[in-house]
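# A closer look at the structure
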Amino acid sequence: MTDTTPEPHGLTRGLTNYGDMDFARYLRLSMARSMGLSGNLLKKPVVGIAATYSEFNNCHRLVPELVAAVKRGVLAAGGLPLEFPTISLGEVFLNPTSLFFRNLMAMDTEEMVRGQPMDAVVLVGGCDKTVPAQLMGAVSANVPAIQVVTGPMMTGRWRGERLGACTDCRRFWAKFRAGEIDAETIEEVEGNLATTAGTCAVMGTASTMASLAEALGMMLPGTAAIPAVHADRIRAAEASGAAAMMLATKKLRPDQIITEKSVENALRVLLAIGGSTNAIIHLTAIAGRAGITVDLNRLNELSDTTPVLVDLKPTGPFYMEDLHVAGGIGAVLRELKPLLHLDVMTVSGETLGERLAAEPGYVDHSVVRKLEEPLQPEGGLVALFGSLAPRGAILKRAAADPKLFEKEARAVVFTSLEDLAARIDSPDLDVTADDFLVLQNAGPLSPSGMPEAGYLPIPGKLARAGVKDMVRISDARMSGTAYGTIVLHVSPDAASGGPLGLVRNGDRIRLSVKNRRIDLLVEEAELARRRTEMGDAGPARPKRGYARLYKDQVLQADEGCDLDFLRAEPQRD
Ligand code: FES
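In this report, the structure presented in the accompanying data block is examined. (Residues numbered from 1 in each chain as written. Predicted model: local features only at pLDDT ≥ 70, side-chain atom pairs only at ≥ 80, totals over all residues. Heavy atoms only, no water.)

### Some details on helix H3 (residues 63–76)
- An ideal rise of 1.5 Å per residue puts 20 Å on 14 residues; H3 measures up with 20 Å between its terminal C-alpha atoms.
- Of the residues making up H3, those classed as buried are Val 63, Leu 66, Val 67, Ala 69, Val 70, Gly 73 and Val 74. One side of H3 carries all its buried residues, which in axial view fall inside an arc of 160 degrees.
- Packing partners of the buried residues in H3 comprise strand E1 (46–51), strand E2 (80–85), strand E3 (120–125), strand E4 (145–149) and helix H9 (231–250).
- Phi turns positive, to about 90 degrees, at Gly 78, one or two residues after H3. (Helix = DSSP H or I, 4+ residues; strand = E, 2+ residues; numbered from the N terminus. Expected span 1.5 Å × (residues − 1). Buried < 20%, exposed > 50% of the residue type's maximum accessible area, 1.4 Å probe, protein only. Arc of directions from axis to C-beta. Contact = heavy atoms within 4.5 Å.)

Structure below.
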């Protein structure tokens, strides 16, 4: 006999277990009534709203307004919206680094989405690590989900100049370090860099992850680049609430949207927008939750065949608000159309091909170039391999100086962030503009938890002499708003015994971007001697708490720095 019992939905899903399901249903509805909800509403499908407002997160200042709009959209579509809080990660307010907490937020999101009764979830995030954390959690929970981002800040004006966080933050800080501006001026700049709510105004990590969320199909078309304070941002949130109801009805889940093909589309978009290096780590982690491997060799193949089309800071002159009025990520996708998989599903309920066929064609080609007239013929990011990085390293060539791409030089080594801070500006530092600066012990397994320290400052005496760029190599990350000839994410990292930890002052290193190589030119016998001399004393294992879990489980950068036990098994044919 066929079971005709209706599938539980709304508040009757996933009942608390008291050993009596009818009692559990009765008790839950009784408690829900205490919130003033009508009996009629309690029968509706439930859309959870993962809200991340925090006074430790400037980028999320307008989350309450977005949540209110999402609720309107859900109610109008006949559902019951229920907001719940999760961890919020404000990039500049966390110690040791927000990446350290990304996986904790992903766990929080996954467990609360799975553990609470909801038919779909709207994820409201924005700052660098919150969007990847929410997507990682949503993929693992595999409940119908849609992403809403807080949107980028607007730029401000200062002494006739247009300023936006945070490429301009770095530009002015470099001037201050070089003695070109004084303390009073830098303080004035500080007050004019970030003047509205929202995420950093350039193609940094937050903007890149918003763009990739749309490219993956997890966000409504045209919503990645809308500024935080624009009325369209609120309308996008309302529309996302309505879309969540559609996802709940169709049972369209993240595993139908995040596939090998949509991840490859996202990689193409990442390369075409000259996006943040951090996005490689985050996309690898998101894909890993779906059992999909992001192979750095494949990244290089895609990079060779994907031109850079978008001219935003930190590499170009424009900001995210310009990308929005130029046509947004839709314009980028339309230009890239011949290179994309068009049969992938999106949260709008249509395929990418259907979406692009239906969209208007306006593009401002000064901001989003034509495919046949790109800014650069090849992608903005490239993976390097070699004896210094057996499992890979990343260089953002779009933000680097090509004159430094084929070069052999002497290593000037800093053994930790503390060592870097203590010596980088010392007049006695033995360094020239021709050297390679090497930072060790700033990778995922280091006590610093892979901070955005890969943008090593130019040593003070060289900065004052006018040196603007040098090759810098580390196992750290770099802010998406930074620029320079910077080799990052060297894997395995120094703290896990990788060759980066064996480099000594004066060693020769060869960089060849053309050959995708980075090699330490030291005999294997000498490296073996150094390895023995160092022993296997890595950083101490934390005694308790999340830090202990992180230390025991965190993966290297080429595996997305996720926790090992949270990844899905790789997909099989
Ligand atoms: Fe949040 Fe830059 S500090 S996006």
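### Focus on the packing of aromatic side chains
- Here the structure, examined in full by the defined rule, presents ten aromatic pairs.
- Each ring, one from Tyr 18 and one from Phe 23, has its centre 5.5 Å from the other, and the planes form 75 degrees; the classification is edge-to-face.
- Taking 6.4 Å as the distance between ring centres and 20 degrees as the angle between the ring planes, the aromatic pair formed by Phe 101 and Tyr 546 counts as stacked. In this pair, Phe 101 sits in helix H4 (residues 98–115) while Tyr 546 sits in helix H20 (residues 545–553), placing the two residues 445 residues apart along the sequence.
- Each residue in the set Phe 100, Phe 101, Tyr 546 and Tyr 550 is aromatic and connected to the rest through ring pairs, giving one cluster.
- Between the NZ or CZ atom of Arg 170 and the centre of the ring of Tyr 455, over which it lies, the distance is 5.7 Å. (Phe/Tyr/Trp six-rings, centres within 6.5 Å; stacked < 30°, edge-to-face > 60°. Lys NZ or Arg CZ within 6 Å of the ring centre and 35° of its normal.)

### Structural notes on the state of the cysteines
- Inspection of every chain in the model, using the stated rule, returns one disulfide.
- Here Cys 166 pairs with Cys 169 through a disulfide, and the sulfurs are 2.0 Å apart. Across the disulfide from Cys 166 to Cys 169, rotation about the S-S bond amounts to roughly -100 degrees, and the bridge is consequently left-handed.
- You can call Cys 166 partly exposed: its relative accessible area is 21%.
- Residue class for Cys 169 comes out buried when judged on its relative accessible area of 17%. (Disulfide = S-S within 2.5 Å.)

### Section: the pairing of E2
- Bridge count for E1 against E2 is six bridges, and the pairing is parallel. In the sheet register, Ile 49 faces E2, and the bridge partner there is Glu 83.
- Since E1 and E2 lie parallel, the crossover through H3 that links them has a hand, and here it is right-handed. (Pairing = 2+ DSSP bridges. Right-handed = clockwise from strand over helix to strand, strands pointing away.)

### Some remarks on the sheet that holds E1
- Reading across from one edge, E2-E1-E3-E4 is the order of the four strands in this open sheet, with parallel pairing throughout. Only two strands of the sheet have a single neighbouring strand rather than two, namely E2 and E4. Across the sheet, the mean angle separating the axes of adjacent strands is 20 degrees when strand polarity is ignored.
- Taken together, the four bridges between E1 and E3 define a ladder with parallel strand orientation. Counterpart to Ala 50 in the pairing with E3 is Leu 123. (Axes fitted to C-alpha atoms, helices over the stretch in contact; angles between N-to-C directions.)

### With respect to the environment of Arg 472
- Mapping Arg 472 onto the fold places it in strand E11 (residues 471–474).
- Separated by 16 residues in sequence, Arg 472 and Leu 456 place their C-alpha atoms 6.6 Å apart.
- If we ignore the near neighbours within four places in the chain, the residues touching Arg 472 are Leu 437, Gly 454, Tyr 455, Leu 456, Ile 458, Gly 484, Thr 485, Ile 486 and Val 487.
- Only 3.1 Å separates the side chain of Arg 472 from the backbone oxygen of Met 470, close enough to count as a polar contact. (Polar contact = N/O pair within 3.5 Å; in protein donor to acceptor, adjacent residues only side chain to side chain.)

### Digging into the environment of Asp 304
- Assignment of secondary structure puts Asp 304 in helix H13 (residues 296–304).
- For Asp 304, a relative accessible area of 36% gives the class partly exposed.
- Not counting chain neighbours up to four residues away, the residues in contact with Asp 304 comprise Glu 378, Arg 397 and Arg 516.

### Some points on the packing of helix H5 (residues 130–141) against helix H8 (residues 205–216)
- Where H5 meets H8, the axes come as close as 9 Å, and the angle between the chain directions of the two elements is 30 degrees. With respect to H8, the axis of H5 lies roughly parallel. Considering the relative orientation of H5 and H8, their crossing is left-handed. Counted together, Val 131, Pro 132 and Leu 135 of H5 and Met 209, Ala 213 and Leu 216 of H8 form the full contact between these two elements.
- A breakdown of the residues in the contact of H5 with H8 according to their chemical character gives six nonpolar, no polar and no charged. (Parallel < 35°, antiparallel > 145°, perpendicular 65-115°, else oblique. Left-handed = near helix turned anticlockwise from the far one by under 90°. Nonpolar A, V, L, I, M, F, W, Y, C, P; charged D, E, K, R; others polar.)

### Comments concerning the packing of helix H11 (residues 260–272) against helix H12 (residues 278–289)
- Where H11 meets H12, the axes come as close as 11 Å, and the angle between the chain directions of the two elements is 175 degrees. With respect to their mutual orientation, H11 and H12 come out roughly antiparallel. Taking contact as the criterion, the partners of Val 263, Ala 266, Leu 267 and Leu 270 in H11 are, on H12, Ala 279, Ile 280, Leu 283 and Ala 287.
- By residue class, the composition of the contact of H11 with H12 is eight nonpolar, no polar and no charged.

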